[in-house]
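# Close look at the chain arrangement
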Amino acid sequence: MTRIPPLAITMGDAAGIGPEIIARHFAAEKPRDLIVVGDLAQMERAIRMIGAEIPVECVEGPIPAPAGRMTVLPVGSLPADLPYGKVDARAGKLAYAAILAAIRLAKANQVSGIVTAPIHKEALHAAGVPFPGHTEILAHETGARDFGMMLADERLRVILVSIHVSLAEALRRVTHETELRTIRLADQACRALGIAKPRIAVAGLNPHAGEGGLFGREEIEIIAPAIAEARSAGLDVHGPFPPDTVFMQARRGAYDIVVAQYHDQGLIAVKLNGIEKGVNVTVGLPIIRTSVDHGTAFDIAGRGIADPSSLGEAIRVARQMVAARGG
């Protein structure tokens with residue numbers, strides 16, 4: 001029987017809660033299929049902070065630790081007294097190096113997927129990284145052209161037409177091509193989770209989905225034709241629906257996923273239910289990547305009170321995707 005490679009967990013920004021939530025997950029779950037990519041000393045500091053006893057070993061390759069232990073693949077080192085809760089270019093640089101290393105391992109099939117702890121956009125910028133976040137880094141490094149962000153919890157999945165752009169730019173990106181691309185990615189995302197026949201809903205852009213053109217014509221001229229083309233290709237997609245009700249319908253089980261027209265339209269709907277069970281999935285990549293649905297939480301970093309629940313869900317979903325892919 002072929003052994004499934006481990007999942008790589010990138011440490012995230014060491015000035016935030018990334019190392020702590022990783023340490024807490026290891027302490028509680030004692031996983032045997034994970035390897036941390038980051039800085040050994042920072043992980044040891046996080047373990048001490050939470051009062052756990054987890055033996056940590058530095059390794060040169062993707063070697064998972066036995067239950068109750070942790071292996072760390074180092075990509076650099078940070079000062080042992082790196083300040084918590086402050087933007088630091090050194091932390092941004094190491095976080096970026098960890099992401100690149102994990103991507104290389106995934107592309108070489110040495111890990112079965114990547115789970116990422118949160119990074120800080122200002123720290124990345126301070127380190128000279130030319131990307132605003134994980135999604136853009138992953139797409140660039142894997143050569144993905146059609147990709148998207150899906151955020152999900154136990155009862156709702158949402159995929160976005162546009163991601164980290166201004167609202168004005170998001171409106172400009174509502175085109176036939178982007179709608180059709182995102183609908184296809186929604187179908188792909190559900191199938192990657194093992195859903196054989198995804199039911200897709202599309203949210204309208206305007207209040208009441210335009211109310212027949214009274215509040216805007218994007219639904220009539222752009223979104224509905226894209227839905228029709230996707231349906232003609234065999235996808236089970238419906239809408240456009242009023243955005244103030246479609247997420248409720250999906251949460252009640254009418255649909256497997258909702259296509260949201262811009263960042264806040266979709267993510268508020270998911271995060272309103274709490275971030276503890278939220279998972280961020282990058283769709284359209286040749287590799288598996290999931291993440292927590294929260295940020296670095298600089299306001300509580302170093303205080304030993306971070307909640308690792310979202311990280312646990314991200315790991316669970318990554319394992320689900322590996323199983324659906326066939327290992």
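Residues numbered from 1 in each chain as written. Predicted model: local features only at pLDDT ≥ 70, side-chain atom pairs only at ≥ 80, totals over all residues. Heavy atoms only, no water.

### Thoughts on the packing of aromatic side chains
In this structure the tally under the stated criterion is 1 aromatic pair. Both rings, one in Phe-241 and one in Tyr-255, keep their centres 5.6 Å apart while their planes meet at 40°; by these two values the pair is tilted. Taken together, the positions of Phe-241 in strand S9 (residues 236-241) and Tyr-255 in the loop between helix H9 (246-251) and strand S10 (257-260) put the pair 14 residues apart, joining distant regions of the chain. Residue class for Tyr-255 comes out buried when judged on its relative accessible area of 16%. (Phe/Tyr/Trp six-rings, centres within 6.5 Å; stacked < 30°, edge-to-face > 60°. Helix = DSSP H or I, 4+ residues; strand = E, 2+ residues; numbered from the N terminus. Buried < 20%, exposed > 50% of the residue type's maximum accessible area, 1.4 Å probe, protein only.)

### Observations regarding helix H7 (residues 176-192)
Residues spaced three or four apart along an α-helix point in a common direction, a consequence of the helix completing one turn every 3.6 residues. In a regular helix each residue adds 1.5 Å, so 17 residues correspond to 24 Å; H7 covers 24 Å between its end C-alpha atoms and thus fits that length. Gly-194 sits one or two positions beyond H7 and adopts a positive phi of about 95°. (Expected span 1.5 Å × (residues − 1).)

### Remarks on the pairing of strand S1 (residues 7-10)
Alternating residues of S1 divide into Leu-7 and Ile-9 and Ala-8 and Thr-10, and every residue in both groups is buried. One ladder, built from 4 bridges, connects S1 with strand S2 (residues 34-38); its direction is parallel. Each bridged residue has a counterpart across the sheet, and for Ala-8 the counterpart in S2 is Ile-35. Inspection of the sheet shows S1 paired to strand S5 (residues 113-116) by 4 bridges, in the parallel sense. In the sheet register, Ala-8 faces S5, and the bridge partner there is Ile-114. (Pairing = 2+ DSSP bridges.)

### With respect to the sheet that holds S2
Spatial ordering of the open sheet is given by S3-S4-S2-S1-S5-S12-S11-S6-S7-S10-S8-S9, a layout of 12 strands whose pairing is mixed. If you trace the sheet from one side to the other, it starts and ends with strand S3 (56-58) and S9, each paired once. Along the sheet, successive strands turn relative to each other by an average axial angle of 25°, direction set aside. The pairing of strand S8 (residues 199-203) with S10 spans 3 bridges and is parallel. Directly across from Val-202, in S10, lies its bridge partner Val-259. Helix-sheet contacts for helix H1 (residues 18-29) involve S1, S2, strand S4 (70-74) and strand S12 (289-292), and the interaxial angle to S2 is about 160°. Helix H8 (residues 218-232) contacts S8 and S9 of the sheet and is inclined by roughly 170° relative to S9. (Axes fitted to C-alpha atoms, helices over the stretch in contact; angles between N-to-C directions. Contact = heavy atoms within 4.5 Å.)

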